[in-house]
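# Observations on the model geometry
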Amino acid sequence: MLIGYADKLSVDAGDHVDIKVSAAGIYRSQLVRLRGMKEGAAGLSVAEESLSSKSNGQHTGRVQALHPGSFIDVALPRVDFAKGVGVSLCVKPTAPGRLCQTLFSLSDDSSVTRMMLELDRAGRPAMYLRSSNGAVTTVSSPDPLPKGRWVFLKAVYDPGEAELRLTAEEQTGAHRWSTPVIVAEGSAARFRVGAAHAEDGRATDCFNGCVSEVNVFGASPKLPILQWDFSRQMDSDIAVDVSGAGRHGRLLNRPARAVLGPAWDKKTIRWTDDPPQWNALHLHDDDLDDAQWRTDFEVEAPAESGIYAVRLNQGETTYYIPFYVRPAAVRKRVLFVAPTNTYLAYGNEHLWEGERGIAHQKMMSFPIVLDKAETILQQMPSLGRSLYDRHSDDSGVIYASRLRPLTNMQPNYINWLAGGPRHFSGDFFITGWLDSIGVEFDVATDEDVDSLGKDLLDSYDVVLTGSHPEYPTAAEFDAFENYVKGGGKLMYLGANGFFWATSYVNKLRTAIEVRRGYAAQRNWTSHAAELYHSSTGEMGGAYRHRGRDQNPFLGVGMAAAGWGPASGFTRTPESYAEAVAWVFEDIASETLGEHGYLLGGAAGDELDHADPARGTPDSTVVLMSSRHNDLFFPSLDSVTEVAPNQQGSKNPHVRADVVLVDHPGGGKVFSTGSICWAGSLGTNNYDNDIAKLTTNVLRKFLGG
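Here we summarise the structure given alongside this text.

Scoring rules and cut-offs
- Residues numbered from 1 in each chain as written.
- Predicted model: local features only at pLDDT ≥ 70, side-chain atom pairs only at ≥ 80, totals over all residues.
- Heavy atoms only, no water.
- Helix = DSSP H or I, 4+ residues; strand = E, 2+ residues; numbered from the N terminus.
- Rg over C-alpha atoms; globule rule 2.2 N^0.38 Å.
- Contact = heavy atoms within 4.5 Å.
- Areas by Shrake-Rupley, 256 points an atom, 1.4 Å probe, with all protein chains shown as cover.
- Pairing = 2+ DSSP bridges.
- Phe/Tyr/Trp six-rings, centres within 6.5 Å; stacked < 30°, edge-to-face > 60°.
- Buried < 20%, exposed > 50% of the residue type's maximum accessible area, 1.4 Å probe, protein only.
- Expected span 1.5 Å × (residues − 1).
- Polar contact = N/O pair within 3.5 Å; in protein donor to acceptor, adjacent residues only side chain to side chain.
- Core = buried A, V, L, I, M, F, W, Y, C linked by side-chain atoms within 4.5 Å.
- Arc of directions from axis to C-beta.

### Some points on the overall build of the protein
The helix and strand tally for the protein stands at 11 helices and 42 strands. Radius of gyration (C-alpha) of the protein: 28 Å, near the 27 Å computed for a compact globule of 704 residues. In the protein, 71% of the contacts between residues at least 6 apart in sequence involve partners at least 24 apart. Counting only carbon and sulfur atoms, one obtains 48% of the accessible surface of the protein, whose full area is about 26400 Å².

### What about the sheet that holds strand β42 (residues 668-671)?
What the nine strands build is an open sheet, ordered β30-β28-β31-β32-β42-β41-β39-β36-β37; its pairing is mixed. Among the strands making up the open sheet, the edge pair consists of β30 (442-445) and β37 (591-592). Judged from the three bridges that link them, strand β31 (residues 462-465) and strand β32 (residues 489-492) form a sheet pairing that is parallel. Bridge pairing in β32 links V462 to K489.

### A few points about the packing of aromatic side chains
Under the defined criterion, the tally for this structure stands at 19 aromatic pairs. Between F191 and W228 the ring centres are 5.5 Å apart and the planes differ by 40°, which places this aromatic pair in the tilted class. A residue pair is termed long-range when its members are at least 10 positions apart, and F191 in strand β16 (residues 187-193) and W228 in strand β20 (residues 224-229) qualify at 37 residues. Across this residue pair, the class does not change: F191 and W228 are buried. Ring plane angle 10° and centroid distance 5.6 Å describe the contact between F429 and Y597, whose orientation is recorded as stacked. Taken together, the residues F429 in helix α4 (residues 428-436) and Y597 in the loop between β37 and β38 (603-609) connect sequence positions 168 residues apart.

### Examining helix α7 (residues 474-485)
For α7, which comprises 12 residues, the first-to-last C-alpha distance of 16 Å matches the rise-based estimate of 16 Å (1.5 Å per residue) to within 8%. Residues A474, E476, F477, A479, F480, E481, Y483 and V484 constitute the buried set of α7. Downstream of α7 by a residue or two, G487 has a phi angle that is positive, lying close to 105°.

### Thoughts on the environment of L34
Take L34: it is sitting in strand β4 (residues 26-40). Given the relative accessible area of 4%, L34 is considered buried. Separated by 353 residues in the primary sequence, L34 and L387 place their C-alpha atoms 26 Å from one another. Those residues within four positions of L34 in sequence are excluded, and the remaining contacts are V46, A47, E48, I307, Y308, A309, Y320, P411, F424 and F428.

### Quick notes on the side chain of H609
By the element assignment, H609 lies in strand β38. Within the structure, the side chain of H609 is placed 2.9 Å from the backbone oxygen of H653, a separation counted as a polar contact. Apart from residues no more than four positions distant in its own chain, H609 is found in contact with N551, G555, V556, G557, A559, H653, R655 and D657.

### Details of the nonpolar core
W433, L464, F670 and L698 are the most contacted members of the largest nonpolar core, which has 120 residues in total. Leaving out residues up to four positions away in the same chain, F670 has contacts with L490, M491, Y492, L493, L623, V658, V659, L660, W677, L693, V697 and F701. L76, F104, L164 and L226 belong to the second-largest nonpolar core, a separate cluster that totals 43 residues.

### Thoughts on helix α3 (residues 372-379)
Turning to α3, its buried residues number three or more, namely A373, E374, I376 and L377. In a view along the axis of α3, the buried residues occupy a sector of 155°, so they form one face of it. Those residues of α3 that are buried lie in contact with β1 (3-6). Measuring from the side-chain oxygen of the N-cap residue of α3 to the backbone nitrogen of A373 gives 3.0 Å; that N-cap residue is D371.

Shown next as structure tokens:
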């Protein structure tokens, strides 16, 4: 398997990008600039420009392993079992009765486990004590722990009584089991919660469930070795020790934080109001935050802003590791902002499998066909999941990291749902269109706009979004809005944009956090009291449910979706007004966009429309609208009740609108209302009505 990733996504010219590769045998690398989508004899592919680099050429590969599963780890001073030791913690199993799952382990300097509490294959708690001579003493419960309920467990070795004791307390009462210990020599130097110590020091037998109130003590609970409070430093990867000993643990592979503990009062719903009620972590055996692969080589970022990649080749296999070079001091007039948070949110998604794949197939007019990206995920499930997936215990994924291979962030990826390029690959229709009309442009990413804000956007006469800018942070949302309020010109070339409240988990912006809420179109539902982000404390879910809809800014907002045949757009009576005649210059047809590489038309996939009730400004001109068949439906958050006859052929609200919005201060927004718009730009080598109209708008915004 040839696969890899970079340590950075967006860099300055001249920066060094570390490339991390897993490959068996010899492979070759080539630095390339990725231009635009084109059609050739072999179908669609992105045009590449080969660049010189010291890293180009042959490399000797090595297979680098993946180690998913979240846990907490800390080094301890020497814990002498001869003096007694105990561990207490609250646990809530979420997937018991499968494989053995470790609740905690104490190991020595050689990573040999000396004391451990696990759930066995039947979900029963079992405690083990291993002496230095290899003798093992075991005590266990005859009954499994209940799924989804908090239980207090205490595991103690008492040298005075020469016994091993296990105690379990829950709502139904307390239970205690014990067994004599013949030999209990040895010591421990490392403590781990949620995983056991493998011989190589890695984690194994990871736990699925919540943990809280973790304590390690000596001969008595009055002699604490550590006491972890997971409600403190919620935005970090630190388990804070409140014993005074300073034995803070490290959270590996980013378990979920801001999770309800065992003492929630069922009244408080925002963790920032009373953090101790959220003193738990949710651990998963498939969490993967940082693959921690070694660097194989580095590349120096080229001087010009753009989209680049290291192309890896081994036999017939090709794999791309993309990165972006942000604008330099001397800038173009046009900026394309790549919606990299969207790429991250969908990275390694599994919506095509199982019951969800069956459900999606019913909304499609063609059979699901998997790309090589999905085949890799089938072969390597340890690559982690996307924000559209659920963990193995059926809980929702809330963090997505870029420090791992993302198999569908490939330039020539064909998406199974759209039947063509989508997201990262789909946005090359936009860059290809810009190249086709000879407009030079700079490139920035979501993380750049989050970091640099309005100052970055203000350097440009026109700013373009990607086809699906769904996941801006609040700082990004502010930057785009303030850019337009200050007189900027924005071309929103997609749909379902500016939708989900998103935050970065750290200053390096290596991962994002999203909580789905309980009222919008979603693949899992947040607990009402676990809606607020651990990273920032802000309310998650849809921005419109925070009172920040897209319509007042963009003129349109998310309204419908469907993956049947896409349609074209029909001009409205308003579009014939003299004030907007320039939009349709050299375009004679009343219906546009009845073509395209995505679902066969310009209006399809997810759709936005104008809605005065949601704040669409009076200054908005609806230029064109679409109508749809019965494979298109209103989005869940755009209706107040579920009823018959809401499908496309019977519901005029199931549509996309193309609009122009004039804002006070001279700012303007052009919104296309459809993800499929980008795919229609590329038809006939970018010589078509949709490309012509989009060019007319860009030229006008540039002052032409």
